[in-house]
Amino acid sequence: MPPASTKAAATHASADTRLSPGAPGYRRTSLALFAAGLAAFALLYSTQALLPAISAEFGATASAASWTVSAATGALALCVLPLSALSERFGRRAMMTASLSVAVGVSLLVPFAPSLESLIALRAIQGAALAGLPASAMAYLAEEVRPKALIAAIGLFVAGNSIGGMSGRIVTGWVAQMWGWRAGLAAVGLTSLLCVIAFRALLPKARHFTPGTLNPKALAGAVRTHLSDPLLVRLYVIGALFMTVFGAVYTVIGYRLVEAPFSLPQGVIGSIFLVYLVGTVASAAAGKLVGRLGRRGALYLAVSTTAAGLLLSLADSLAAVLAGLVLITAGFFAGHAVASSSVSRTAKTGRAQASALYQSAYYLGSSAGGTLGAIAFHAGGWAGTVLIGLVAVLGVVSVTLYGSHSARVAARRPQLAAACN
């Protein structure tokens with residue numbers, strides 16, 4: 001006869017109505033959030049591959065044009081927490097739908113921006129609208145998917161992000177080469193509209209969401225609770241630093257490749273973003289990495305891969321630059337998937353706020369990386385941008401080492417207390 005504890009565990013598992021691989025709604029949920037992630041990242045970074053063309057039309061420097069990316073990610077970072085609070089009241093599904101719908105609506109206006117300033121303003125509005133998606137998606141998965149399947153589900157959502165970022169840049173690059181950057185942005189807007197329609201049609205209604213109240217004091221209390229958790233704070237910092245590297249590299253890479261010795265055309269530069277497919281694989285594999293190496297081991301592997309890619313990209317060889325981008329992309333997406341899923345597992349209450357704080361840090365890192373990377377490129381060329389990335393990588397290593405040290409100290413405390421008694 002099996003032990004009582006085994007029976008209890010089996011009863012609890014059978015009573016858990018949340019989604020798991022093989023369940024009818026799991027595939028629909030995964031595909032829906034994959035489509036949402038694809039649309040969101042295609043829209044959020046739609047101008048990134050077009051920065052040299054935007055600079056040429058408006059007579060702007062790389063650092064000025066980079067604000068068409070940084071304004072979007074910065075606005076997202078500022079708005080993600082208040083919009084996550086609205087999702088606690090009105091539901092994750094409703095918030096994600098509204099967020100994507102407004103962002104797509106703005107995307108149809110962006111191609112008609114008459115000046116760089118108006119383009120930056122529209123991009124900021126677009127980023128603010130997209131702020132309703134990331135934290136709500138993470139919270140939706142945490143509530144609707146069983147814990148053992150959570151990392152895989154979030155990994156697939158992040159994979160949608162990587163494919164969205166890749167396809168958006170490729171589409172804009174080739175369309176811009178033929179008809180100009182404005183047509184490229186219009187193409188991304190129309191493609192994202194189709195993704196949003198698919199998202200709404202596929203995503204099942206939430207079965208485990210309990211509406212809350214819009215209470216600013218409760219929101220502030222949840223934020224204080226999360227910011228007082230050392231593990232969560234470390235995860236927020238890690239997400240921001242990883243994204244600083246990624247934002248710096250992919251904001252500036254177009255400027256490097258359009259210049260000698262590469263002198264690549266716009267369409268080919270857009271196709272460089274095919275390396276995002278590596279990010280899709282790395283995100284989906286994050287769960288297996290954590291299972292084999294542990295969370296810290298997976299982060300060390302991700303950061304080592306990123307650093308190696310940065311150093312390799314310094315060579316004046318297109319093959320070396322591409323190999324470097326592959327390593328940077330793999331390291332970044334693996335690290336992001338590990339950190340973001342760890343936030344969802346660590347937070348026991350206020351998961352939407354915990355995820356929102358992570359997203360705020362993450363996209364602030366993107367804005368900082370894009371701006372600092374462009375300034376460094378203007379001052380010292382690609383080597384300056386790589387230096388910004390290496391400093392951020394060193395920060396990830398330092399934070400992870402500190403976490404390992406803190407865990408060892410915490411493990412010794414019970415032993416010391418027992419020895420004293």
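Presented here is an overview of the structure given in this document. This one's a predicted model, so the numbers in the text were calculated from it and none came from an experiment.

## A word on the pattern of salt bridges
Across all of its chains, the model carries 3 salt bridges by this definition. Among the ionic pairs, Asp 316 bridges to Arg 256, the shortest N-O distance being 3.2 Å. Of this pair, Asp 316 sits in the loop between helix 15 (286-312) and helix 16 (318-346) while Arg 256 is found in helix 12 (residues 230-258), placing the two residues 60 residues apart along the sequence. We classify Asp 316 as exposed; its relative accessible area is 60%. For Arg 256, a relative accessible area of 7% translates into the label buried.

## Observations concerning helix 5 (residues 67-90)
Taking 1.5 Å of rise per residue, the 24 residues of helix 5 would be expected to cover 34 Å, and the 32 Å separating its terminal C-alpha atoms lies within 8% of that figure. Remark: the principal bend of helix 5, roughly 45 degrees, maps to Val 80, with a proline, Pro 82, within the next four residues. With 17 of 24 residues buried, helix 5 is to be regarded as a mostly interior element. In the stretch just after helix 5, Gly 91 is the one whose phi turns positive, near 105 degrees.

## Description of helix 11 (residues 216-227)
When the terminal C-alpha atoms of helix 11 are compared, their 16 Å separation across 12 residues agrees well with the 16 Å that a helix rising 1.5 Å per residue should span. Here helix 11 has its buried residues at Gly 221, Ala 222, Val 223 and His 226.

## What to know about the nonpolar core
Formed by 109 residues in total, the largest nonpolar core has its most connected members in Leu 33, Leu 100 and Tyr 250. With sequence-adjacent residues up to four places away left out, Leu 100 is seen in contact with Ala 36, Ala 39, Ala 40, Leu 130, Leu 133, Val 196 and Phe 199. In this structure, Leu 50, Val 106, Leu 122 and Ala 176 belong to the second largest nonpolar core, which totals 12 residues.

## Concerning the side chain of Ser 342
Relative to the helices and strands, Ser 342 is located in helix 16. Within the structure, Ser 342 has its side chain in polar contact with the backbone oxygen of Val 338 (distance 2.7 Å). Contact partners of Ser 342, with chain neighbours within four places excluded, come to Leu 235 and Arg 295.

## Overview of the packing of aromatic side chains
The way to describe two aromatic rings as a pair is by their centre distance and the angle between their planes. Within this structure, the stated rule accounts for 11 aromatic pairs. When the ring of Phe 246 is compared with that of Phe 332, the centres are 4.0 Å apart and the planes differ by 10 degrees; the resulting orientation is stacked. With a gap of 86 residues between them, Phe 246 in helix 12 and Phe 332 in helix 16 connect regions that are remote in the sequence. For the ring pair Phe 246 and Phe 333, a centre distance of 5.5 Å and an interplane angle of 80 degrees mean the geometry is edge-to-face. In this pair, Phe 246 is assigned in helix 12 and Phe 333 in helix 16, connecting sequence segments 87 residues apart. By relative accessible area, Phe 246 is classed as buried at 4%. Members of the aromatic cluster, connected to one another through ring pairs, are Phe 246, Tyr 250, Phe 273, Phe 332, Phe 333, Tyr 358, Tyr 362 and Tyr 363.

## Quick look at the packing of helix 3 (residues 51-58) against helix 12
At their nearest, the axes of helix 3 and helix 12 sit 8 Å apart, and the two run at 75 degrees to each other. In terms of orientation, helix 3 lies roughly perpendicular with respect to helix 12. Where helix 3 approaches helix 12, its residues Leu 51, Pro 52 and Ser 55 are matched on the opposing element by Thr 251, Gly 254, Tyr 255 and Val 258. Partitioned by chemical class, the residues of the contact of helix 3 with helix 12 number 4 nonpolar, 3 polar and no charged.

## Topic: the packing of helix 14 (residues 276-284) against helix 16
At their nearest, the axes of helix 14 and helix 16 sit 8 Å apart, and the two run at 35 degrees to each other. Along this stretch, helix 14 crosses helix 16, giving a crossing that reads as right-handed. On helix 16, the residues touching Tyr 276, Val 278, Gly 279, Ala 282 and Ser 283 of helix 14 are Val 326, Thr 329, Ala 330, Phe 333, Ala 334 and Ala 337. Per-class residue counts for the contact of helix 14 with helix 16 are 8 nonpolar, 3 polar and no charged.

## Overview of a nonpolar patch on the surface
There is a patch of nonpolar side chains on the surface, built from Leu 108, Leu 190, Leu 193, Leu 194 and Ile 197 and spanning about 470 Å² of accessible area. Here Leu 108 is to be found in the loop between helix 6 (92-107) and helix 7 (116-130).

## Observations concerning unusual backbone geometry
Cis rather than trans, the peptide bond between Ala 260 and Pro 261 has omega equal to 10 degrees. With respect to the helices and strands, Pro 261 occurs in the loop between helix 12 and helix 13 (266-271).

## Here we look at the side chain of Gln 126
Take Gln 126: it is sitting in helix 7. For Gln 126, a relative accessible area of 2% puts it in the buried group. One polar contact links Gln 126 to Arg 123, side chain to side chain, over a distance of 2.6 Å. Look past the residues within four positions of Gln 126 in its chain and what remains in contact with it is Leu 43, Ala 103, Val 106, Ser 107 and Val 110.

## Digging into the environment of Leu 116
Tracing the sequence through the fold places Leu 116 in helix 7. Assessed through its relative accessible area of 11%, Leu 116 is described here as buried. In this structure, the C-alpha to C-alpha distance between Leu 116 and Glu 57, residues 59 residues apart in sequence, is 9.2 Å. For Leu 116, the residues in contact, after removing those within four places along its chain, are Ile 54, Phe 58, Ala 60, Ala 64 and Thr 68.

Calculation criteria
- Residues numbered from 1 in each chain as written.
- Predicted model: local features only at pLDDT ≥ 70, side-chain atom pairs only at ≥ 80, totals over all residues.
- Heavy atoms only, no water.
- Salt bridge = Lys/Arg side-chain N within 4 Å of Asp/Glu carboxyl O.
- Helix = DSSP H or I, 4+ residues; strand = E, 2+ residues; numbered from the N terminus.
- Buried < 20%, exposed > 50% of the residue type's maximum accessible area, 1.4 Å probe, protein only.
- Expected span 1.5 Å × (residues − 1).
- Bend = angle between axes of the 7 residues up to and from the residue.
- Core = buried A, V, L, I, M, F, W, Y, C linked by side-chain atoms within 4.5 Å.
- Contact = heavy atoms within 4.5 Å.
- Polar contact = N/O pair within 3.5 Å; in protein donor to acceptor, adjacent residues only side chain to side chain.
- Phe/Tyr/Trp six-rings, centres within 6.5 Å; stacked < 30°, edge-to-face > 60°.
- Axes fitted to C-alpha atoms, helices over the stretch in contact; angles between N-to-C directions.
- Parallel < 35°, antiparallel > 145°, perpendicular 65-115°, else oblique.
- Nonpolar A, V, L, I, M, F, W, Y, C, P; charged D, E, K, R; others polar.
- Left-handed = near helix turned anticlockwise from the far one by under 90°.
- Patch = residues over 30% accessible without salt bridge, like charges linked within 9 Å, V, L, I, M, F, W, Y side chains within 5 Å.
- Areas by Shrake-Rupley, 256 points an atom, 1.4 Å probe, with all protein chains shown as cover.

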